[in-house]
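Overview (structure and organization)
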Amino acid sequence: MADTAAPAPTRALVLGNPASGSHSPELVEEVRQLCASYLERAEVHLTTGPGDATVALRRALQRPAGAPDLIVVIGGDGTVREAVQGLVPVTGNATLAVVPGGTGNSGYKMLWGERPWSESLKAILTDNGIGGSARLRRLDLARLAETRNYVYLGACSGVIADALITARELPLTGRERYARAFADTADGYVPYPGRVTVDGRVVHEGPTVLANVGGGRYRGGRFQVLPDSLLDDGLLDVCVIGGEIAAADVPGLTLRAAHMDHPGTVYARGRRITVERTDGRRLPLEHDGEYQHGIGASATFEVLPGALPVWAPATP
């Protein structure tokens, strides 16, 4: 990941999502107090529904005076996704810090691993990127051409996307809900007829269980779908799991990155990646845990090198 110079943060906006998997008022208050003890100001915004984090962040950054220069997101991958949508177009001097407060927390894990959030946030607030244990990095993003949305962790077609629909009907919460939803969806799952093109070259065509484009190595906080992904190489990774692999075997394989040794897996990198469903039906697609209902038969992803200023460890 590339370092970049940044002034010391002075004003924090703490975004909390009461609907996230492990939200608690105590966590929000702990984060606010830690920020307030080192910065000039720390304000809190609790989101009220889907899209609210994006709107609140854009409004805060567009203030004529006193705009925050540090955005601290408490929540899961969905909350981070919304913050990215608000931050990137109007970033200015603002930078992003992530505190795990959801179910998957892949966004935090890909930056800080298993380090406690209090340790990482204190490093950000005290080191200011100058020879300390935290530095500002500029990460690549993908942009989904059909919606113009920014993709932070990754986007996936096929069984992973369809499982999000199944999950809505289950009276469970957290990881247990998605694990059950995936198992139910994967049972007898029929691969869709697909094609994946990387920089104009077809790398896969035929039965497709999933195609994951990104982004971070992890999905769901545990599954290494893109184990070779780098966060700032100016390229997008894509992993295609073909019909030779049963959908029900995907969690076990990706947990250990064992799918990389299977002949039914294709792995490639490029700047522009198109995922298609070749029978003309709607492509089942999610990105950063959000199902994309407005997608037709194909989705195209373009890399945005160094688009996201985010705090991470000084050494990986």
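Residues numbered from 1 in each chain as written. Predicted model: local features only at pLDDT ≥ 70, side-chain atom pairs only at ≥ 80, totals over all residues. Heavy atoms only, no water.

A separate point is the packing of aromatic side chains. Given two aromatic rings, their pairing is described by the distance between the two centres and the angle made by the two planes. The full count for this structure, using the stated rule, is one aromatic pair. Each ring, one from Y178 and one from F182, has its centre 6.4 Å from the other, and the planes form 50 degrees; the classification is tilted. Taken as a pair, Y178 and F182 lie in helix α7 (residues 174-186) at a separation of four residues, close to a single helical turn. Between the NZ or CZ atom of K109 and the centre of the ring of Y218, over which it lies, the distance is 4.5 Å. (Phe/Tyr/Trp six-rings, centres within 6.5 Å; stacked < 30°, edge-to-face > 60°. Helix = DSSP H or I, 4+ residues; strand = E, 2+ residues; numbered from the N terminus. Lys NZ or Arg CZ within 6 Å of the ring centre and 35° of its normal.)

It is worth spelling out the pattern of salt bridges at this point. Applying the stated criterion to the full structure yields 13 salt bridges. Note that R195 and E205 form a salt bridge whose closest N and O atoms lie 2.9 Å from each other. Note that R195 is positioned in strand β9 (residues 192-198) and E205 in strand β10 (residues 201-214), a separation of ten residues in sequence. Here R269 and D237 are joined by a salt bridge, their closest N and O atoms 3.3 Å apart. (Salt bridge = Lys/Arg side-chain N within 4 Å of Asp/Glu carboxyl O.)

A few words on the packing of helix α6 (residues 159-167) against α7. The N-to-C vectors of α6 and α7 enclose an angle of 115 degrees; their axes lie 8 Å apart at closest approach. Relative to α7, α6 is oriented so that their crossing is right-handed. Seen from α6, the contacting residues are V159, I160, D162, A163, L164, T166 and A167; seen from α7, they are R177, Y178, A181, F182, D184, T185 and A186. Here the contact of α6 with α7 is built from residues that sort into nine nonpolar, two polar and three charged. (Axes fitted to C-alpha atoms, helices over the stretch in contact; angles between N-to-C directions. Left-handed = near helix turned anticlockwise from the far one by under 90°. Contact = heavy atoms within 4.5 Å. Nonpolar A, V, L, I, M, F, W, Y, C, P; charged D, E, K, R; others polar.)

All right, on to the domain arrangement of the protein chain then. Quite often, the size of an interface is put as the accessible area lost when its parts meet. Looking at the assigned domains, one finds that the protein chain contains domain 1 (11-132) and domain 2 (150-306). Between the C-alpha centres of domain 1 and domain 2 there is a distance of 27 Å. The tally of links from domain 1 across to domain 2 stands at one salt bridge. E290 is the partner of R81 in a salt bridge, and the nearest nitrogen-oxygen pair spans 3.4 Å. At the level of elements, α3 (77-87) and α4 (106-112) are the ones that each hand at least two residues to the side of domain 1 that touches domain 2. Considering each element in turn, the side of domain 1 that touches domain 2 owes the most residues, six residues, to α3. Here the residues of the side of domain 1 that touches domain 2 are counted per class, giving seven nonpolar, six polar and three charged. (Domains from an automatic or database assignment.)

Attention shifts here to the packing of helix α2 (residues 52-61) against α3. It is the contact of α2 with α3, at a shortest axis distance of 7 Å, that shows an interaxial angle of 35 degrees. In this structure, the crossing between α2 and α3 has a hand that is right-handed. Residues D52, A53, T54, L57, R58 and L61 of α2 pack against E82, A83, Q85, G86 and L87 of α3. Here the residues of the contact of α2 with α3 sort into five nonpolar, three polar and three charged.

The subject of this paragraph is the nonpolar core. When a protein is soluble and globular, its nonpolar side chains tend to lie buried together. Within the largest apolar cluster, 53 residues are counted, with the highest numbers of intra-cluster contacts made by V31, C35, I71, L111, Y152 and L308. Broken down by element, the residue count for this core peaks at six residues, all from strand β18 (residues 298-313). Each of domain 1 (11-132) and domain 2 (150-306) accounts for three or more of the residues forming this core. With residues near it in sequence (within four places) discarded, V31 still touches V14, V72, I74, V99, W117 and L121. (Core = buried A, V, L, I, M, F, W, Y, C linked by side-chain atoms within 4.5 Å. Buried < 20%, exposed > 50% of the residue type's maximum accessible area, 1.4 Å probe, protein only.)

Moving on to the side chain of E286. With respect to the helices and strands, E286 occurs in strand β16 (residues 285-287). Only 2.9 Å separates the side chain of E286 from the side chain of R219, close enough to count as a polar contact. Side-chain polar atoms of E286 contact the backbone nitrogen of D288, separated by 3.4 Å. The residues touching E286, leaving out its near neighbours within four places in the chain, are G154, A155, C156, I160, A161, L164, R219, Y291 and Q292. (Polar contact = N/O pair within 3.5 Å; in protein donor to acceptor, adjacent residues only side chain to side chain.)

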